[in-house]
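Here is what each chain is made of, one letter per residue.
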Amino acid sequence: MKKTPHESKTEMTLMMLPSDANPKGNVFGGVILKHVDLVAGIVAKRHARNTNCVTASVDRVTFLKPVYIGNALILSARLNYVHKSSMEVEVMIEAENLEDGTKVRTGTAYVTVVALDKNGRPTEVPQLASKTADDKKRFKEGVSRMQLRLKEAGKI
Ligand SMILES: CC(C)(COP(=O)(O)OP(=O)(O)OC[C@H]1O[C@@H](n2cnc3c(N)ncnc32)[C@H](O)[C@@H]1OP(=O)(O)O)[C@@H](O)C(=O)NCCC(=O)NCCS
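Thresholds, definitions, all that
Residues numbered from 1 in each chain as written. Predicted model: local features only at pLDDT ≥ 70, side-chain atom pairs only at ≥ 80, totals over all residues. Heavy atoms only, no water. Helix = DSSP H or I, 4+ residues; strand = E, 2+ residues; numbered from the N terminus. Buried < 20%, exposed > 50% of the residue type's maximum accessible area, 1.4 Å probe, protein only. Areas by Shrake-Rupley, 256 points an atom, 1.4 Å probe, with all protein chains shown as cover. Lys, Arg positive; Asp, Glu negative; His and termini not counted. Charge placed at Lys NZ, Arg CZ, Asp CG, Glu CD.

Enquirer: Would you mind showing me how to read the overall build of the protein chain here?
Expert: Counting its secondary structure elements, the protein chain contains 2 helices and 5 strands. Counting from the amino terminus, the protein chain carries its helices and strands in the arrangement β-α-β-β-β-β-α. With the C-alpha coordinates aligned to their principal axes, the bounding extent of the protein chain is approximately 45 × 30 × 30 Å. Out of the 156 residues in the protein chain, the part that is buried amounts to 43%. Entry remark: accessible area of the protein chain is about 9100 Å², with carbon and sulfur atoms responsible for 53%. Each charge class in the protein chain can be summarised by its mean position, and for the 25 positive and 17 negative side chains these summaries are 6 Å apart.

Enquirer: What should I look at first to understand the environment of Val143 in this one?
Expert: Within the element layout of this structure, Val143 appears in helix α2 (residues 133-152). On the accessibility criterion, Val143 (31% relative accessible area) is partly exposed. Spatially, the C-alpha atoms of Val143 and Arg60 are 17 Å apart, while their sequence positions differ by 83 residues.

In structure tokens:
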């Protein structure tokens, strides 16, 4: 049965603490990537349910703006594209200044998650029901990105 991107979309908000940052207060990119990976895994698991969802790749991520200690890190994640066992999750990364409420977009990450069966082999997941014009546009763009990814990985 097909499932819509809406059924698996996930938003995660976390307070950035001193242990997440360098001595000047800038949050480490690796800390952000860890949470990006985590939220992408939740989206994939919500879509694929009874499978082992593992990260196959993360496209290059550019951090456009800094995130500081005390900011809220807001990750908004959704499925763009699903093939057989692979799912492309887009994660929008934002930082909110909790003092004045201003939000900045820090970057966007594309994470490919693959569903594995009990034997550790890739297994098919529900197809994506792209209903809205936006869903369809994202799906189409996801196809192109996946082609590029697989080409770079030497898979096609
Ligand atoms: C991801 C993984 C399962 C792919 O296994 P594989 O034997 O190469 O499998 P296949 O070539 O049959 O590909 C399976 C699916 O993964 C996709 N895939 C494989 N490599 C990929 C890559 N580099 N980027 C994006 N998708 C990829 C394929 O397109 C295919 O998708 P489809 O079923 O929707 O068509 C395997 O490389 C793996 O287990 N990697 C480690 C995953 C992990 O543990 N991650 C956590 C960090 S270590």
